[in-house]
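Examination of the molecular architecture
Each chain, letter by letter, is given below.
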Amino acid sequence: TGGTDASPIPLTYHVYISKDGGTTYELLISTTDALAKTASYLSPGLMHYFKYQAENDIGLLSELSTAYEMMPG
């Protein structure tokens, strides 16, 4: 978890991308800012697949999320 308001535990968010239609994933970015990030250089008209994972300050990882799909215009 992220702790409490009085004692927050920093979380690092890992975002993975699949370049083969969702079969395998590679790390795209790791960040402590969970609000928003911009993915650059995605191919317009092609479906891209992403998964997310959180890591707490002592290295415990959450399960990978389900896949999210995005097709840039």
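Preceding this section is the structure that the text describes.
Read on for a plain summary of the structure.

Cut-offs and rules
Residues numbered from 1 in each chain as written. Predicted model: local features only at pLDDT ≥ 70, side-chain atom pairs only at ≥ 80, totals over all residues. Heavy atoms only, no water. Helix = DSSP H or I, 4+ residues; strand = E, 2+ residues; numbered from the N terminus. Contact = heavy atoms within 4.5 Å. Phe/Tyr/Trp six-rings, centres within 6.5 Å; stacked < 30°, edge-to-face > 60°. Buried < 20%, exposed > 50% of the residue type's maximum accessible area, 1.4 Å probe, protein only. Salt bridge = Lys/Arg side-chain N within 4 Å of Asp/Glu carboxyl O. Pairing = 2+ DSSP bridges. Axes fitted to C-alpha atoms, helices over the stretch in contact; angles between N-to-C directions.

Section: the environment of Leu 27
- Structurally, the position occupied by Leu 27 is in strand S2 (residues 26–31).
- Sequence-distant contacts of Leu 27, defined by excluding residues within four places in its chain, comprise His 14, Val 15 and Tyr 16.

Thoughts on the packing of aromatic side chains
- Tallied over the full model, the rule gives one aromatic pair.
- Ring centres 5.4 Å apart and planes at 65° place the aromatic pair Tyr 52 and Tyr 68 in the edge-to-face group. Note that Tyr 52 is positioned in strand S3 (residues 48–56) and Tyr 68 in strand S4 (residues 68–70), a separation of 16 residues in sequence.
- Judged by its relative accessible area of 37%, Tyr 52 falls in the partly exposed class.

A closer look at the pattern of salt bridges
- Here the structure, examined in full by the defined rule, presents one salt bridge.
- Across the salt bridge formed by Glu 26 and Lys 19, the nearest N and O atoms sit 3.4 Å from each other.
- Look at Glu 26 and you get partly exposed, because its relative accessible area is 41%.

Let's talk about the sheet that holds strand S1 (residues 11–18)
- Here four strands make up an open sheet; going across it, the order is S2-S1-S3-S4 and the pairing antiparallel. A strand with exactly one partner marks an edge of an open sheet, and here the two such strands are S2 and S4. Shown here is a sheet whose adjacent strand axes are inclined to one another by a mean of 30°, direction ignored.
- Here S1 pairs with S3 via eight bridges, running antiparallel. Residue pairing for S3: Tyr 13 is matched across the bridge by Ala 54.

What to know about the side chain of Thr 31
- Turning to its location among the elements, Thr 31 is positioned in strand S2.
- Given the relative accessible area of 13%, Thr 31 is considered buried.
- Beyond its immediate stretch of four places on either side in the chain, Thr 31 contacts Leu 11, Thr 12, Tyr 13 and Lys 37.

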